[in-house]
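An overview of the molecular structure
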Amino acid sequence: MKDNIYQLAGKVNVPTEKRDEMNKHVLEIMDKCGIRKTVEMIVAGEKVTVVRSVRPNEDGIVLFDYSIFEKKKRKISTYDLNTCELHTEDRGYNEFGAVMNMIMVLQEAYTNGGCYFLVSGKLHNVEIYLLLIQGVLGERITLPGRIRMWEVYLFFRNSEEYKNVTFEDLLDAYAKSYGKLDIEQAQAVLEIEEKKLIFPDKEMISCRDEINAASPDCRTEYAYRIFRGMNEAEKNTIKSFLAELLNADFAKRKELSLRQDERGILAELSLYVLPARLVLAYAQAVEMDFWEIWDSLGTQGYSDIIRKNTPKDAENDSRSFPFYKAIQRKNEDEFLEFWDGSNLMLSQDMKECIRDWEERIKGIRVFTAPTEHFLAEIVVRLERSYCRYVDETFVTEFMEHGTELNYQKALILLQQLLDKGQECFPELTGRQAEEWIIRGAREGFDYIEISAFASLLANKRQRNILFGF
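This one's a predicted model, so the numbers in the text were calculated from it and none came from an experiment.

A short note on the overall build of the protein chain
Across its full length, the protein chain holds 20 helices and eight strands. For the C-alpha atoms alone, the extent of the protein chain along its principal axes is close to 105 × 40 × 40 Å. For the protein chain, the residues scored as buried account for 51% of the 469 residues in total. Of the contacts made within the protein chain by residues no fewer than 6 positions apart, 68% connect residues no fewer than 24 positions apart. Summed over its atoms, the accessible surface of the protein chain is roughly 22500 Å², and 48% of this surface lies on carbon and sulfur atoms. Side chains of the protein chain carry 63 positive and 79 negative charges; the gap between the two charge centres is 1 Å.

Next up, the structure:
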């Protein structure tokens, strides 16, 4: 969609060793949240449209175009199991779109930096999607890339399209109560925006031996003092050494820290201090603009530092948000395809319907066995009047067992639900009554009952418990 407000900034880049896990989660979310692929099949010589659970083709591409909860056929979207990339130009903002957002948040989570979920061009607080994902998967997903606020800030600053991001923008986008936050990275962003380091009030480092035990603020203040003590001749040579540090990995910086001079002290500080704060200490000492110095160094900076207090993560956080609430349902009456007898939040009306179906199906007397044409007519009516595509496996199974009494009774009951109200219009044919009057005048729950019964018939385990087949 050209006006789609939901986007990803950056590039999806899921590590090879994480792709199977990511793909498993995506396929499970699609299945449980009702994403399907419409396909055509022949029933009694008539071409009908049904839906199929999503599955990859021989090239590892998953195609889909329908939500059983939205009941709207859309343009084909794809998910690539090889790259974990999602392509959807017709996603909308309803049930289908909500699932696409969940997948996009997973893409950010597994890319682990350099890929971020945006709404209307701004980094978005995705806590609700993380809770949704946990509700569907029963597994906690976090955003390891997003907790590194300095790296997020630098990403957006280096992007022409999003370069005006501020510290306040980032704070608004963080799921503060769901997951961890690297406080030192957040402080680095704040200091850069304020153009001033936050110095400790007391207990400053007096000698090199105190670096290891010192606080992050004390270490940056110590670096500032070293830079501040430089004479004019030393400024450029120290700047070159700073560039070397920022481009070095931990092992190289450790090696440089063996030097017994100020460069050795700076190298040792770089084992603990974020590159942004080290550069800000230099910029503040020489009274120059931080970004002018940073850009002249031409680096993203190292990220491997020693941490004594790692960001805390609430690993036992079991909060979740049910999908049915996200798609603005009061209950899970439409989820009978996934019902195991106790796992759904069903309304009292639906519970009564289920009991009614059990009794009515027992009382049905089959005088003329429903034919395959009868099945085709029901499938077409569901699509024509209710945009409800039935499951391919349901149609295939009922075609294979069309001579069995229980299957015949189930189809007759489904027809009875569809025919409700036709007796009030004897002057019209059934189709006329349905298309001209009934489908637009039914109570809202009637639509849910019809769809729920069709879903239950595709749920073999629970159908067998209730109806005996």
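Once you've had a look at it, read on.
What to know about the sheet that holds strand 2 (residues 35-43)
Spatially, five strands are ordered 3-2-4-5-6 in an open sheet, and the strand pairing comes out antiparallel. Looking at the sheet topology across the chains shown, the edges are occupied by strand 3 (46-53) and strand 6 (85-87). For this sheet, the mean inter-axis angle between neighbouring strands, taken without regard to orientation, is 40 degrees. Bridge count for strand 5 (residues 72-80) against strand 6 is three bridges, and the pairing is antiparallel. Considered in strand 6, the bridge of Y79 is made with L86. Contacting strand 2, strand 4 (61-67), strand 5 and strand 6, helix 2 (residues 95-111) crosses the sheet at an angle of about 145 degrees to strand 4. Against the sheet, helix 16 (residues 392-400) touches strand 2 and strand 3, its axis set at about 30 degrees to strand 2.

Re the pattern of salt bridges
Scanning the entire structure with this criterion turns up 33 salt bridges. Of the charged contacts, one joins E70 and R74 as a salt bridge, the two residues approaching to 2.8 Å between their closest N and O atoms. Overall, the relative accessible area of 7% leaves R74 in the buried class. For E151, the salt bridge identified is with R148, shortest N-O distance 2.9 Å. With a relative accessible area of 27%, E151 lands in the partly exposed category. One connected set of salt bridges, linked through shared partners, spans K71, E95, R329 and E334.

What to know about the packing of helix 2 against helix 3 (residues 127-137)
At a closest axis distance of 10 Å, the pairing of helix 2 and helix 3 adopts a crossing angle of 100 degrees. The angle between the axes of helix 2 and helix 3 places the two elements in the roughly perpendicular class. Two secondary-structure elements touch here, helix 2 through A98, N101, M102, V105 and L106 and helix 3 through Y129, L130, L132, I133 and V136. The residue inventory of the contact of helix 2 with helix 3, partitioned by class, reads nine nonpolar, one polar and no charged.

Some remarks on the sheet that holds strand 8 (residues 122-123)
Read from one edge to the other, the open sheet built from three strands follows the order 1-7-8, with strand pairing classed as antiparallel. The open sheet has two free edges, formed respectively by strand 1 (6-10) and strand 8, since each of these has just one partner strand. Taken together, the two bridges between strand 7 (residues 115-119) and strand 8 define a ladder with antiparallel strand orientation. The residue of strand 8 that forms the bridge with L118 is L123.

Some remarks on the environment of V395
Secondary-structure assignment places V395 in helix 16. Relative accessible area serves as the criterion here: at 0%, V395 is assigned to the buried category. Taking the C-alpha atoms as reference, V395 lies 9.9 Å from V51; in sequence the two are 344 residues apart. With sequence-adjacent residues up to four places away left out, V395 is seen in contact with M41, V43, V50, L375, V379 and V390.

Some thoughts on the confidence of the model for the protein chain
For the protein chain, per-residue confidence averages 90 on the pLDDT scale, and residues scoring 70 or more make up 96% of the total. For the protein chain, helix 18 (residues 430-441) is the element with the lowest average pLDDT, namely 72, and strand 6 is the one with the highest, namely 98.

Some points on the packing of aromatic side chains
In the structure shown here, the tally under the stated rule is 27 aromatic pairs. Measuring from centroid to centroid gives 6.0 Å for Y6 and F117, while their planes differ by 20 degrees, and the two rings are stacked. Residue Y6 is found in strand 1, and its partner F117 is found in strand 7; the two are separated by 111 residues along the sequence. Consider the rings of F290 and W294, whose centres lie 5.8 Å apart with planes at 25 degrees: the pair is stacked. Within this pair, F290 and its partner W294 are both found in helix 12 (residues 290-297), separated by four residues, close to a single helical turn.

Cut-offs applied
- Residues numbered from 1 in each chain as written.
- Predicted model: local features only at pLDDT ≥ 70, side-chain atom pairs only at ≥ 80, totals over all residues.
- Heavy atoms only, no water.
- Helix = DSSP H or I, 4+ residues; strand = E, 2+ residues; numbered from the N terminus.
- Buried < 20%, exposed > 50% of the residue type's maximum accessible area, 1.4 Å probe, protein only.
- Contact = heavy atoms within 4.5 Å.
- Areas by Shrake-Rupley, 256 points an atom, 1.4 Å probe, with all protein chains shown as cover.
- Lys, Arg positive; Asp, Glu negative; His and termini not counted.
- Charge placed at Lys NZ, Arg CZ, Asp CG, Glu CD.
- Pairing = 2+ DSSP bridges.
- Axes fitted to C-alpha atoms, helices over the stretch in contact; angles between N-to-C directions.
- Salt bridge = Lys/Arg side-chain N within 4 Å of Asp/Glu carboxyl O.
- Parallel < 35°, antiparallel > 145°, perpendicular 65-115°, else oblique.
- Nonpolar A, V, L, I, M, F, W, Y, C, P; charged D, E, K, R; others polar.
- pLDDT = per-residue confidence, 0-100.
- Phe/Tyr/Trp six-rings, centres within 6.5 Å; stacked < 30°, edge-to-face > 60°.

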